[in-house]
Amino acid sequence: MKPRLLQHGRLPEQTEARLAEHFDVHPFWAESDPAAYLAQHGGEFVAMTTRAATGVDATMLAALPNLRVVSSFGVGLDKLDLDTARARGIAVGYTPDVLNDCVADTAFALLMDAARQVSAADRYVRRGAWPRGPYPLTTRVSGKRLGIVGMGRIGRVIAKRSSGFDMEVRYFGRKAQDGVPYGFEPSLPALAEWADFLVIAASGGPETRHLVSADVLKALGPQGYLINIARGTVVDEAALVDALANQRIAGAGLDVFEDEPNVPPALFALDNVVLLPHVASGTHETRAAMAGLVFDNLQSFFATGAVLRSAI
Ligand code: 8YV
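Residues numbered from 1 in each chain as written. Predicted model: local features only at pLDDT ≥ 70, side-chain atom pairs only at ≥ 80, totals over all residues. Heavy atoms only, no water.

The name given to the chain in an unreviewed UniProt entry is 2-hydroxyacid dehydrogenase, and the organism recorded there is Cupriavidus pauculus. Annotation of the chain in UniProt includes, under Sequence similarities (unreviewed entry), the sentence "Belongs to the D-isomer specific 2-hydroxyacid dehydrogenase family." (UniProt positions renumbered as here; feature names shortened; annotations may be inferred.)

A.B. asks: Let's hear about the overall build of the chain: which residues, and what values?
C.D. replies: Summing up its helical and strand segments, the chain has 11 helices and 12 strands in all. In terms of C-alpha radius of gyration, the chain reaches 21 Å, essentially the compact-globule figure of 20 Å for 312 residues. Its C-alpha atoms give the chain principal-axis dimensions of roughly 70 × 50 × 30 Å. By the burial criterion, 48% of the 312 residues in the chain qualify as buried. (Helix = DSSP H or I, 4+ residues; strand = E, 2+ residues; numbered from the N terminus. Rg over C-alpha atoms; globule rule 2.2 N^0.38 Å. Buried < 20%, exposed > 50% of the residue type's maximum accessible area, 1.4 Å probe, protein only.)

A.B. asks: So, the nonpolar core: which residues are in play, and what are the values?
C.D. replies: Core analysis: the largest hydrophobic core is formed by 45 residues, its most contacted members being L111, L146, I148, I158, F197 and I229. The element best represented in this core is helix α5 (residues 100–116), accounting for 8 residues. When residues of this core are assigned to domains, at least three map to each of domain 1 (4–94 + 285–304) and domain 2 (99–275). Once residues within four sequence positions are removed from consideration, L146 is found in contact with L111, I158, S162, M167, E168, V169, R170, W194, F197 and V199. (Core = buried A, V, L, I, M, F, W, Y, C linked by side-chain atoms within 4.5 Å. Domains from an automatic or database assignment. Contact = heavy atoms within 4.5 Å.)

A.B. asks: How would you explain the side chain of T49 if you had to name every residue and give the values?
C.D. replies: Tracing the sequence through the fold places T49 in strand β3 (residues 47–51). Sequence-distant contacts of T49, defined by excluding residues within four places in its chain, comprise L5, L6, Q7, H8, L11, L19, S71, V294 and L298.

A.B. asks: How would you sum up the domain arrangement of the chain? Please name residues and give values.
C.D. replies: One can read the domain layout of the chain as domain 1 (4–94 + 285–304) and domain 2 (99–275). Using C-alpha coordinates to define each centre, domain 1 is positioned 33 Å away from domain 2. Taken together, the contacts link 7 residues of domain 1 with 6 residues of domain 2. The junction of domain 1 with domain 2 conceals about 560 Å² of combined surface from both sides, 60% of it contributed by carbon and sulfur atoms. (Buried area = accessible area lost by both parts, 1.4 Å probe.)

A.B. asks: Could you give an account of the pairing of β3, with specific residues and numbers?
C.D. replies: Summarising burial for β3: 4 of the 5 residues are buried, a large majority. Across 3 bridges, strand β1 (residues 4–7) lies against β3 in parallel orientation. Each residue of the ladder has a partner; that of Q7, found in β3, is T49. With 5 bridges joining them, β3 and strand β4 (residues 69–73) adopt parallel strand pairing. Pairing of T49 across the sheet is with S71, part of β4. (Pairing = 2+ DSSP bridges.)

A.B. asks: Explain the site of the ligand to me, using residue names and the numbers behind them.
C.D. replies: Neighbouring the ligand are 13 residues; V75, G76, R231, H278 and S281 lie closest to it. Note that an oxygen atom of the ligand is positioned 2.7 Å from one of the backbone N or O atoms of V75. G76 places a main-chain nitrogen or oxygen 2.7 Å from an oxygen atom of the ligand. Burial of the ligand by the surrounding chains reaches 93%, relative to a free accessible area of 330 Å². A per-class count over the shell around the ligand returns 6 nonpolar, 4 polar and 3 charged. (Near = heavy atom within 4 Å. Polar contact = N/O pair within 3.5 Å; in protein donor to acceptor, adjacent residues only side chain to side chain. Areas by Shrake-Rupley, 256 points an atom, 1.4 Å probe, with all protein chains shown as cover. Nonpolar A, V, L, I, M, F, W, Y, C, P; charged D, E, K, R; others polar.)

A.B. asks: So what about the packing of aromatic side chains? Which residues, and what values?
C.D. replies: Under the definition given, this model contains 8 aromatic pairs. Relative to Y37, the ring of F28 lies with its centre 6.3 Å away and its plane at 50°, an arrangement referred to as tilted. The two residues F28 and Y37 agree in class, both being buried. On the numbers, 5.3 Å between centres and 55° between planes, the contact of Y171 with F184 is tilted. (Phe/Tyr/Trp six-rings, centres within 6.5 Å; stacked < 30°, edge-to-face > 60°.)

A.B. asks: Which residues make up the sheet that holds β3, and what values do they have?
C.D. replies: Overall, parallel pairing links the 5 strands, which are arranged β2-β1-β3-β4-β5 in an open sheet. Strands at the two margins of the open sheet, each flanked by one partner only, are β2 (24–27) and β5 (91–93). This sheet shows a mean twist of 20° between the axes of neighbouring strands, independent of strand direction. The strands touched by helix α11 (residues 284–304) are β1, β3, β4 and β5; relative to β4, the strand with the most contacts, the crossing angle is about 170°. (Axes fitted to C-alpha atoms, helices over the stretch in contact; angles between N-to-C directions.)

A.B. asks: Quick rundown of the pattern of salt bridges? Include the residues and the values.
C.D. replies: Scanning all chains against the criterion turns up 15 salt bridges. R10 serves as the salt-bridge partner of E16, at 2.7 Å between the closest nitrogen and oxygen. For E16, a relative accessible area of 14% translates into the label buried. Classification of R10 by relative accessible area gives partly exposed; the value is 45%. With a shortest N-O distance of 2.9 Å, R161 and D101 are connected by a salt bridge. In this pair, R161 sits in helix α7 (residues 153–162) while D101 sits in helix α5, placing the two residues 60 residues apart along the sequence. D101 gets classed as partly exposed once you look at its relative accessible area, which sits at 42%. Salt bridges linked by common partners bring R4, D24 and E44 together as one network. (Salt bridge = Lys/Arg side-chain N within 4 Å of Asp/Glu carboxyl O.)

Okay, here's the thing in structure tokens:
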């Protein structure tokens, strides 16, 4: 008999087909009354899939008394109740590393766009403004100072990308990392003051909530740019909107927001901010690799008792 699996959130089509071959899958994302369904059927499930942005909270875990394994699509753990999973001996798999390159690429796309105003200049051409005069000058990227908040797997790849732009790199985090050839700055305001570009690559969750405060933005200053490919919660979004609207920082490139998919409307009219709909890992290649790992984590769990990439 195939193990019963609760699918929380859609996955790429081929992965859903592959899961259906090996598991007795219930498409929970299609339920009109999810709580009522879980109250009646929660005890049937031994496995579940979810997505980093969807997660699984304490209430849902309590409604799944026989759950043995969660396999999450994504690297973020801020929406997964790992403490409850650990206490109950539930294995949790996730998909780190396979997305590092594309997320770092997107950080650089945002950085280049914010500084050189690629999107704003494109809008300028499209609205027929060019014949009325040249586009204003923008800001050089090469040779500038890059501050990275969170020198983890993704932060390291962003730092590596920056060597092609001859940038000097320093970073802030919980502690200095062994084997990292960049300067550690133990104070975030000091890093922001030093940096021309401050890139957020830290995990989300309560520990990093509003780490980038109004004071940090003030330290970044009117010549500084903020790039966020991590989680919207790491930045005090109201303070960021205010800083952008009043040119207290030069600009920003944002892939993530505090209340996705809702973006503060005050940002829509501003040309000094580039807005993306949380797509940093969204390439065919990377999403296929992430989906493959969602499946492989489950298969490994049922073959060996352990997921390949454990979040716990
Ligand atoms: C995913 C992400 O697109 O991996 C993560 O944590 O934020 C993205 O790669 C998304 O969260 C999957 O639901």
